[in-house]
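Overview (structure and organization)
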Amino acid sequence: MTAHPLPILALTPGDCTGIGPEQTARLLSEGGFDDVARIVVVGDARVLDMGARHAGVRLNLVRYASPGAVDWSAPGIPMVDLGNTDPDLFPLGVANPESGRLTGDTLARAIDFAKAGEVDGVCFAPLNKQAMFRGGWRFPDEHKMFAHLLDHKGPFSEMNVLEGQWMTRVTSHVSLRTALDQVTFDSICGALRLADETMRKAGIARPRIAVAALNPHGGEGGLFGSEEIDFIRPAVEAMAKEGIACEGPFPSDTVYLKAFAGAYDSVLAMYHDQGQIATKLKGFNKGVTITAGLEVVFTTPAHGTAFDIVGKGVADIGAFQSAVRLAARVAARKIEARAAAA
Amino acid sequence: MAPPPALALTLGEPAGIGPDITLAAWLTRQQRSLPAFFAIGDAAVLRRRAAALGLDVPVRACAPEEAAAVFASALPVVSAGPAVTAAPGHPDETSAPSARAAIDDAVALVKAGRATAVVTNPISKAVLYADGFAFPGHTEYLAHLAGTPAPRPVMMIWSPELAVIPATIHVPLADVPRLLTRELIIETARITAHDLRHRFGIEAPRLAICGLNPHAGEEGTLGREDEEVTRPAVEALRQEGIDARGPLPADTLFHAAARATYDAAIGAYHDQVLAPAKALAFDRAVNVTLGLPFVRTSPDHGTAFALAGTGRADPSSLIEALRLAHRLSARDAARSGR
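Residues numbered from 1 in each chain as written. Chains lettered and ligands numbered in written order. Predicted model: local features only at pLDDT ≥ 70, side-chain atom pairs only at ≥ 80, totals over all residues. Heavy atoms only, no water.

Our focus in this paragraph is the UniProt feature "binding site: a divalent metal cation" (unreviewed entry) in chain B. Mapped onto the present numbering, the UniProt feature "binding site: a divalent metal cation" (unreviewed entry) falls at B:His170, B:His215 and B:His270. Across 101 residues in sequence, these annotated residues place their C-alpha atoms as far as 23.6 Å from one another, rather than forming a single compact spot. Relative to the elements of secondary structure, B:His170 occurs in the loop between strand 7 (163-166) and helix 7 (176-179). Excluding residues within four positions of it along the chain, B:His170 makes contact with A:Pro216, A:His217, A:Phe224, B:Lys125 and B:His270. At 3.2 Å, the side chain of B:His170 and the side chain of A:His217 are in polar contact. Following the sequence through the fold, B:His215 ends up in the loop between strand 8 (206-210) and helix 9 (225-239). (UniProt positions renumbered as here; feature names shortened; annotations may be inferred. Helix = DSSP H or I, 4+ residues; strand = E, 2+ residues; numbered from the N terminus. Contact = heavy atoms within 4.5 Å. Polar contact = N/O pair within 3.5 Å; in protein donor to acceptor, adjacent residues only side chain to side chain.)

Structure, rendered in structure tokens:
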């Protein structure tokens, strides 16, 4: 077996008004990723300096023009200094459209490096969706922005990962009425294929996926809605025939309890609140969000910018570290698969 | 002096787990300091079920007024309905009349002051419908028996961790955006606030009203109902002096810090609030009917025919239902000077 080169991950510090910079500084200072990935920071050095001050750590940043130019044998933390974000212009803990715009610009640069083949994945510290939207990145969430920038045409979605469990949804940030229109035989099949493929790429050989029902009590035999009979169960059965280990639909007020008890690796929700209520209660904000279905790996801690604790140096980095490890794992498997195919 | 009245517990569907959990609950009376209750139904069903389960439970037929004195040494039963022939797991033609007679008698007794509250074991809607029962469910039937005009009942799922009320209940999710009206939210919240104040003793109940859409519609960008229906309803409630807040994003409403900010959460639809209720208090959640002239609670599960007579039925929810009914009716009694 040949040793493959470690994947290269671009690390972006997220919105400079939030806890991202201090988390990024602490994560780099603690290190511990040398055997799983090569990390290059893409962002503004002034933001990293501020983060280091807040976290009370020192960083030895070494500037390069691009990730492709990094000398990985040299000491220090490699960084592509975009010089685009002066953190002194933005009060901490307050969403700001301009810093939102710059957060998006920085991510777009990291994506450019990925498109050029200079990085294998992007791991980003928390951003503020509203600030990005108001700053001109007019996407309901960052996943749609990434797909757009990558000119991605196929299916994609976000998955929330905690302790080996992967949660996903058929529909996302749309009204409940729209979600009801978007839940179809095809969209359920697509979501199941995507979840199965994404989890396999992360090294889960045969992911067991539970599918949530749409109606109360799963429709109770058609008494409170017929979607389960008309197309949810047929979709689950069709995908099971294709070899996906999926089961359901199950009443959504108990399906997550079964999964959390270990019966499944994943639950597919039909709509936003169905998934989010259960996973947030379970503490999935300590987990990782991964964008499934894109050519480039994207991961981020599932929590937000935590405006109430910014600058205090107390922000926990557990979820961010998990995000780096997950991106490294998925990117490494991709490198292996590419080498095997070559 | 007349002995204090006890709680009336209907046996429910006799072929379901009602008899099993009634026996199991009585056995915990000392350990869990259970309030005195009497079962209503066919005493022979309880005797046969106790024998089948190998439980040492003396069953004694008595009048409601004798129940409190009997309770320490035997399970008191007030007879109602026909002699039941249904075997565990197999409802027959005696099932529906038995289940129904128990509800009728329980309501009559509580209205006459001969029982403190009504606690109901699960019934089978399918079995009752086949017998010509013309009400959507248990709760609507109780409301019908409660008085004329029938009061509007509101279902609350209660546990010490979380109290929730779904504004719409057993309807297709696709109908919810149409059914969720200003009037429905206002009426549901009024009844909830009233009963939280008078039955639960919460001076100024705080109500959290969930948004219908993700992130409560994000100012109208993810659906208009939260701005056009829910927000005006909340404003109208606040004008009446009810401490309602909303529309609130449902996915950030159920962690401990958020729960500390309200006494009950009103959801737009069933799964929005039943899912967190089950996650936080799976087998201890109790179904409470608000809006009735008497206290009614029930365990938050069904007849579980497959478990009847097996000894595997869990009485936890019934035990909590009995305890809560006692707590709520004690306050009722204190207010009415009984």
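Take unusual backbone geometry next. The linkage connecting A:Gly248 with the following residue, A:Pro249, adopts the cis geometry, with an omega of 0 degrees. Mapped onto the fold, A:Pro249 is located in strand 9 (residues 245-250). Even without a glycine there, the phi angle at A:His217 is positive, about 55 degrees. Checked against the element boundaries, A:His217 lands in the loop between strand 8 (208-212) and helix 8 (227-241). Residues other than glycine seldom take positive phi values, yet B:Ala216 does so here, at roughly 55 degrees.

Next up on the list: the packing of helix 4 (residues 95-111) of chain B against helix 6 (residues 138-146) of chain B. Residues and elements named next belong to chain B. Where helix 4 meets helix 6, the axes come as close as 10 Å, and the angle between the chain directions of the two elements is 45 degrees. When the interaxial angle is binned, helix 4 and helix 6 end up oblique. Considering how the two elements wind past one another, helix 4 and helix 6 form a crossing that is right-handed. Between helix 4 and helix 6, the contacting residues are Arg100, Ile103, Asp104, Val107 and Lys111 on the first element and His138, Tyr141, Leu142, Leu145 and Ala146 on the second. Grouping the constituent residues of the contact of helix 4 with helix 6 by class yields six nonpolar, one polar and three charged. (Axes fitted to C-alpha atoms, helices over the stretch in contact; angles between N-to-C directions. Parallel < 35°, antiparallel > 145°, perpendicular 65-115°, else oblique. Left-handed = near helix turned anticlockwise from the far one by under 90°. Nonpolar A, V, L, I, M, F, W, Y, C, P; charged D, E, K, R; others polar.)

Looking now at the interface of chain B and chain A. Facing 33 residues of chain B, the contacting portion of chain A comprises 28 residues. Joining chain B to chain A, the criterion identifies four salt bridges. Note that A:Asp253 and B:Lys278 form a salt bridge whose closest N and O atoms lie 3.3 Å from each other. Put simply, chain B and chain A have eleven residue pairs in polar contact (both at pLDDT 80 or more) between them. Listed by contribution, the elements that provide at least two residues to the side of chain B that touches chain A are helix 7 and helix 11 (270-280) of chain B. Per-element accounting of the side of chain B that touches chain A gives the leading share, nine residues, to helix 11 of chain B. (Salt bridge = Lys/Arg side-chain N within 4 Å of Asp/Glu carboxyl O.)

Let us look at the side chain of B:Ser98. Examined against the element boundaries, B:Ser98 turns out to sit in helix 4. Those residues in contact with B:Ser98, other than ones at most four positions away along the chain, are B:Pro14, B:Pro82 and B:Val84.

What follows concerns the pairing of strand 4 (residues 75-79) of chain B. Residues and elements named next belong to chain B. Of all five residues in strand 4, four are buried; the element is thus mostly enclosed. Pairing analysis gives three bridges linking strand 2 (residues 37-41) to strand 4, with the strands arranged parallel. The residue of strand 4 that forms the bridge with Ile40 is Val78. (Buried < 20%, exposed > 50% of the residue type's maximum accessible area, 1.4 Å probe, protein only. Pairing = 2+ DSSP bridges.)

A word on the packing of aromatic side chains. Applying the stated criterion across every chain yields a total of eleven aromatic pairs over all chains. Ring centres 6.0 Å apart and planes at 35 degrees place the aromatic pair A:Phe260 and A:Phe284 in the tilted group. Here A:Phe284 lies in the loop between helix 10 (272-281) and strand 11 (288-292) and A:Phe260 lies in helix 9 (residues 255-263), a separation of 24 residues in the sequence. Residue classification places A:Phe284 among the buried positions, given a relative accessible area of 4%. On the basis of an interplanar angle of 55 degrees and a centroid distance of 5.0 Å, the ring pair of B:Phe135 and B:Tyr141 is categorised as tilted. Each member of the aromatic cluster is reached from another via a ring pair, and the members are A:Phe124, A:Phe146 and A:Phe298. Stacked on the ring of B:Trp26, the Lys or Arg B:Arg29 has its end atom at 3.6 Å from the ring centre. (Phe/Tyr/Trp six-rings, centres within 6.5 Å; stacked < 30°, edge-to-face > 60°. Lys NZ or Arg CZ within 6 Å of the ring centre and 35° of its normal.)

Accessible area lost when the parts come together is the quantity often used to give the size of an interface. All names here are of chain B. One can read the domain layout of chain B as domain 1 (1-148 + 292-338) and domain 2 (150-291). A C-alpha centroid distance of 29 Å is found between domain 1 and domain 2. Opposite the 27 residues of domain 1 that make contact, domain 2 presents 21 residues. Carbon and sulfur atoms supply 54% of the area that domain 1 and domain 2 bury against each other, a total of about 2,000 Å² over both sides. Three residues, Leu292, Asp300 and Leu328, lead the burial of domain 1 against domain 2; their summed loss comes to 28% of the area buried on that side. In this assembly, domain 1 and domain 2 are joined by zero salt bridges. Across the contact surface, domain 1 and domain 2 share eight residue pairs in polar contact (both at pLDDT 80 or more). Broken down by secondary-structure element, the contributors of at least two residues to the side of domain 1 that touches domain 2 are helix 6, strand 12 (296-299) and helix 12 (316-336). Here the side of domain 1 that touches domain 2 gets ten residues from one element, more than from any other, and that element is helix 12. (Domains from an automatic or database assignment. Buried area = accessible area lost by both parts, 1.4 Å probe.)

Moving on: the sheet that holds strand 12 (residues 297-301) of chain A. Residues and elements named next belong to chain A. Taken together, the twelve strands give an open sheet; going across it, the order is 3-4-2-1-5-12-11-6-7-10-8-9, and neighbouring strands pair in mixed fashion. Either end of the sheet is taken by a strand with one partner, and the two such strands are strand 3 (61-64) and strand 9. Going from strand to strand, the sheet's axes swing by 25 degrees on average, the running direction of each strand aside. Pairing between strand 5 (residues 121-124) and strand 12: three bridges, direction parallel. In the strand pairing of strand 12, Gly121 is matched with Val297. Along the sheet, helix 1 (residues 20-30) contacts strand 1 (8-12), strand 2 (38-43) and strand 4 (77-81); its crossing angle with strand 1, the most-contacted strand, is approximately 145 degrees. Lying on the sheet, helix 5 (residues 142-149) is in contact with strand 5, strand 6 (157-162), strand 11 and strand 12; it crosses strand 11 at an angle near 35 degrees.

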